[in-house]
Amino acid sequence: MALIIPVFIALVVIYILSFYKKFQNHLKFKYYGSKIPGPPLQPIMGNTYIFQNRPNEEFQIVFREEARKARERGDTVIRFLLPGKLIVWPLTGKALAQLLESTTEIHKGSDYSMFEPWIGGLLLLVGDRWKSHRKMISPTFHFAKLEGYFNVFNSESKIFTECLEKFAESGETVDIFPYINRCLLDIICETAMGTKVDAQLNHDHPYLKAVKGYATLMLKHSMTPIMWNSFLFWALGYKKQQDDYLRILKTFTADVIAERKAALKSGEVESSSSKRNMNFLDMMLSMTESNQLSEEDLRNEVDTFMFGGHDTTTTSSSWTVWCLAHHPEIQQKVYEELIDVCGEDPNIDVTYEQVNKLNYLDLVMKESKRLYPPVPGVQRQLQKDMIIDGYTVPAGSNVAIAPVALHSNHLVFKNPEIFDPNRFLPEECAKRHPYDYVPFSAGIKNCIGQKFAVLNEKVLMTHLVRNYKIEPKMKLEETLPCFKIVSTPSNGIPVKLTKRV
Ligand code: HEM
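No experiment lies behind these values; they were computed from the predicted model shown. Think of each chain on its own: its residues are numbered from 1, step by step along the sequence as written. Per-residue local features are limited, in this predicted model, to residues with pLDDT of at least 70; the limit for side-chain atom pairs, both in listing and counting, is 80 or more; totals at the level of whole chains, interfaces and linings are taken over all residues. Calculated side-chain values reflect all of the structure's heavy atoms, with hydrogen atoms and water omitted.

### Re the sheet that holds strand β1 (residues 77-82)
Stated precisely, the cut-off is as follows: Pairing between two strands is assigned when DSSP locates at least 2 bridges connecting them. Secondary structure is summarised from DSSP: a helix means a run of H or I of at least four residues, a strand means a run of E of at least two, and numbering begins at the N terminus for each. Each axis is a line fitted through C-alpha atoms, and for a helix only the stretch in contact is used; angles between axes span 0 to 180 degrees, taken between their N-to-C directions. By definition in these notes, contact holds between two residues if any of their heavy atoms fall within 4.5 Å.
Pairing in this open sheet of 4 strands is mixed, and the strands run β1-β2-β7-β4 from one edge to the other. Each edge of the sheet is formed by a strand with only one pairing partner; in this case those strands are β1 and β4 (378-381). Shown here is a sheet whose adjacent strand axes are inclined to one another by a mean of 25 degrees, direction ignored. Sitting on the sheet, helix α2 (residues 59-72) is in contact with β1 and β2 (85-90), with an inclination near 130 degrees to β1.

Set out below in structure tokens:
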């Protein structure tokens, strides 16, 4: 009993000190932030007003607009100041180079704290653990392995086109986004985990609903200072929401691991004897058996792959469909190339060699990722002060790799709002700084699944475009990329499909 009062006082002091630390940071960020160009600051809330009372789908427009104004002033960086948080966006590939080429500034930004209880794998790791995990996982994406995934890419893409057939027959509008989402979840589970989940046949898959809910909660957290206090986060009911989503997400991946372990143990499936031929999960399982990886590391990497491997590709493929729907002449050119390279039969499997010959589709997909970057931005939290284009950005600030701003640079991409695949012809690419276009980020923490993602999307497109003519059922600007972890379309991807004969 006698201890209660001192313990209580100690807790109060710790609580006040933690606020004091935050307050000190706030003053530091305010001091440096006010010297970096950016939108006007309000006394305490800084730039919070830019995001308040705005629907999410307007955020990307606002960011592009602020970046455009900054460029017109001749600035190459822009800052956003929130209470206790300084965010700096380099606006050109050149200004971004210092961050992307650093081998030490690879810590994810403070917004990723919400990610931690969900996916603690490669994406969030740093230091020696990151290096050793990256080395272990890289063979999953060896080109010979990628070729081996083609069976699954083809068979799941065929189920996808079959699921759409009823809409072509009835002429009814279909929001193609959830169809792509389920197909790509099936693909990542089967290729990387060796497990069939048949999400395409089970439309209410709880995992997909939980991913969506968690992403929305994360975004709300990053934009709402009141949620940054863990007590208020709990008291306002957000912690319960978070825990409910986490339970679904974690149970799903735990089940995938358990099923694969059981199937291997019973001899129902056989893992390859050579590491080069193993799928991602079998390779991770063999590393846990030899104690190179803990059970927790294994679960974290599976969670990372599951998320990284389907939500990004879904968003990317969906925007490519939207671009094709709105540009019939470009769609026709893609179709002609497909017939030329893959032949007349729309249901025949496509091969690795054929896909590598689809040069025009490649340009189209690159341009779609420019206009609608699937990951609009990632943030790094600086460990040390960094000078970016003459401005001191203090340690603890967040610096963004922001394709949403870089890809709309009118000084690099003329008329950036226009969809023009020819921007990616080799002679055009040669005129730009390599970091002016970074949908998969760059440097040592770049996307490990980039090649997988591109091949997967290409195979999906070959099946869709060979089978159907796609028309939009909304104006281009009536569905907009949200500013979430990925650029989800605000009103889906509503299209009309007509069976090609
Ligand atoms: C169009 C699809 C994709 C896009 C646009 C994309 C984009 C990105 C971006 C922007 C990063 C962050 C890099 C950074 O912090 O600098 C990243 C990292 C990562 N991505 Fe992807 N990604 C895609 C597909 C995939 C796929 C299919 C997988 C796995 C199968 C995957 C797995 C990962 C992993 C594990 C990381 C963390 C890498 C590390 O930190 O070492 N991604 N991705």
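### Quick word on unusual backbone geometry
Definition in use: Each residue's exposure class comes from its accessible area (1.4 Å probe, protein chains only) as a fraction of the maximum for that residue type: buried when under 20%, exposed when over 50%, partly exposed otherwise.
A positive phi is found at Asn291, a non-glycine position, where the angle reads about 60 degrees. Structurally, Asn291 is set in the loop between α11 (280-289) and α12 (295-308). The exposed category is assigned to Asn291, whose relative accessible area is 70%. The phi dihedral of Asn415 falls on the positive side, at around 45 degrees, and the residue is not glycine.

### Describing the coordination of the iron atom of the ligand
The cut-off we apply is this: Metal coordination here is assigned from N, O and S atoms located within 2.8 Å of the ion, or within 3.2 Å for Na, K and Ca; omission of water means that sites may look incomplete.
Protein coordination of the iron atom of the ligand rests on one atom only, Cys447 (SG), at 2.3 Å. Counting through the fold element by element, Cys447 comes out in the loop between α18 (426-429) and α19 (450-467).

### Focus: the UniProt feature "binding site: heme" (unreviewed entry) in the protein
Using the following cut-off: UniProt positions are given in the numbering used here, feature names are shortened, and annotations may be inferred rather than shown by experiment.
Under the UniProt annotation, the feature "binding site: heme" (unreviewed entry) is placed at Cys447. Exposure remark for Cys447: the relative accessible area of 31% places this residue in the partly exposed category.

### Concerning the site of the ligand
The cut-off we apply is this: Only a single heavy atom is needed: when it lies within 4 Å of a molecule or strand, its residue is near that molecule or strand. As used in this structure description, the phrase polar contact means that two N or O atoms lie within 3.5 Å; if the pair is within protein, one of them must be able to donate a hydrogen and the other to accept it, and residues adjacent in sequence are counted only when both atoms belong to side chains. Each residue is assigned to one of three groups, with Ala, Val, Leu, Ile, Met, Phe, Trp, Tyr, Cys and Pro labelled nonpolar, Asp, Glu, Lys and Arg labelled charged, and all others, Gly among them, labelled polar.
Of all residues adjacent to the ligand, which total 28 residues, the nearest are Lys108, Arg134, Arg380, Ser441 and Cys447. Leu122 has a polar backbone atom sitting 3.3 Å from an oxygen atom of the ligand. Of all elements in the fold, only α4 (127-137), α12, α13 (311-326) and α19 reach the threshold of two or more residues within the shell around the ligand. A breakdown of the residues in the shell around the ligand according to their chemical character gives 15 nonpolar, 9 polar and 4 charged.

### Details of the sheet that holds strand β3 (residues 174-175)
Pairing in this open sheet of 3 strands is antiparallel, and the strands run β3-β9-β8 from one edge to the other. Across the chains shown, the open sheet's two edge strands, defined by having one partner strand only, are β3 and β8 (468-472). Pairing of β8 with strand β9 (residues 494-499) involves 5 bridges; the strand directions are antiparallel. By the bridge assignment for β9, Tyr468 is matched with Lys499. Contacting β8 and β9, α19 crosses the sheet at an angle of about 90 degrees to β8.

### Structural notes on helix α10 (residues 238-266)
Side chains of residues three or four places apart in an α-helix project in the same direction, reflecting 3.6 residues per turn. The line we're drawing: By definition here, a helix of n residues has an expected span of 1.5 Å times n minus one.
Between its first and last C-alpha, α10 extends 42 Å over 29 residues, near the 42 Å set by a 1.5 Å rise per residue. Taken residue by residue, α10 has Tyr238, Gln242, Leu246, Leu249, Phe252, Thr253, Val256, Ile257, Arg260 and Ala263 as its buried positions. Those residues of α10 hidden inside the fold are in contact with α7 (177-193), α8 (206-223), α9 (230-235), α11 and α12. Where α10 terminates, the next one or two residues include Gly267, which has phi positive at roughly 85 degrees.

### Regarding the pattern of salt bridges
Our working rule: For salt bridges, the criterion is a side-chain nitrogen of Lys or Arg within 4 Å of an Asp or Glu carboxyl oxygen.
The final tally for this structure, using the stated rule, is 23 salt bridges. In this structure, Arg73 engages Asp75 in a salt bridge whose closest nitrogen and oxygen atoms are separated by 3.0 Å. Here Glu165 and Lys499 are joined by a salt bridge, their closest N and O atoms 3.9 Å apart. Here the residue Glu165 occupies a position in helix α6 (residues 150-170), and Lys499 occupies one in strand β9, the gap between them amounting to 334 residues.

### Observations concerning the pairing of strand β7 (residues 398-401)
Alternating positions in β7 separate into two faces, Asn398 and Ala400 on one and Val399 and Ile401 on the other, with burial throughout. The pairing of β4 with β7 spans 4 bridges and is antiparallel. Looking at β7, one finds that Gln381 is bridged to Asn398.

### A few points about a nonpolar patch on the surface
Let me state the cut-off plainly: A patch is a set of surface residues, each over 30% in relative accessible area and not in a salt bridge, joined within 9 Å for like charges and within 5 Å for the nonpolar side chains Val, Leu, Ile, Met, Phe, Trp and Tyr. Note on areas: Shrake-Rupley, 1.4 Å probe, and residue coverage restricted to the protein chains presented here.
On the surface, a cluster of nonpolar side chains totalling about 580 Å² of accessible area is made up of Ile4, Ile5, Phe8, Ile9, Val12 and Val13. Of note, Val13 is situated in helix α1 (residues 4-33).

### A short note on the side chain of His310
Looking at the secondary structure, you find His310 in the loop between α12 and α13. Assessed through its relative accessible area of 0%, His310 is described here as buried. Side-chain polar atoms of His310 contact the backbone oxygen of Met306, separated by 2.8 Å. Other than its neighbours up to four places away in sequence, His310 contacts Asn181, Leu184, Leu185, Ile188, Tyr207, Leu208 and Val211.

### Let's talk about the layout of surface pockets
Here is the rule: Buried and open spaces are told apart on a 1 Å grid over the protein atoms alone, a cavity being a set of points where a 1.4 Å probe fits but cannot get out and a pocket being an open set with protein on both sides within 12 Å along at least five of seven lines. Residues with an atom within 4 Å of a point are the lining residues. Grid points are joined across faces, edges and corners, and a volume is the space filled by probe spheres set on the points.
There is about 800 Å³ of room inside the largest pocket. Lining the largest pocket are 29 residues, and of these Lys22, Pro83, Gly84, Trp228 and Asn229 sit closest to its centre. The set of elements that each furnish at least two residues to the lining of the largest pocket consists of α1, β2, α8, α9 and α10. It is α1 that provides the largest number of residues to the lining of the largest pocket, a total of 6 residues. Its residues assigned to classes, the lining of the largest pocket comprises 12 nonpolar, 13 polar and 4 charged.

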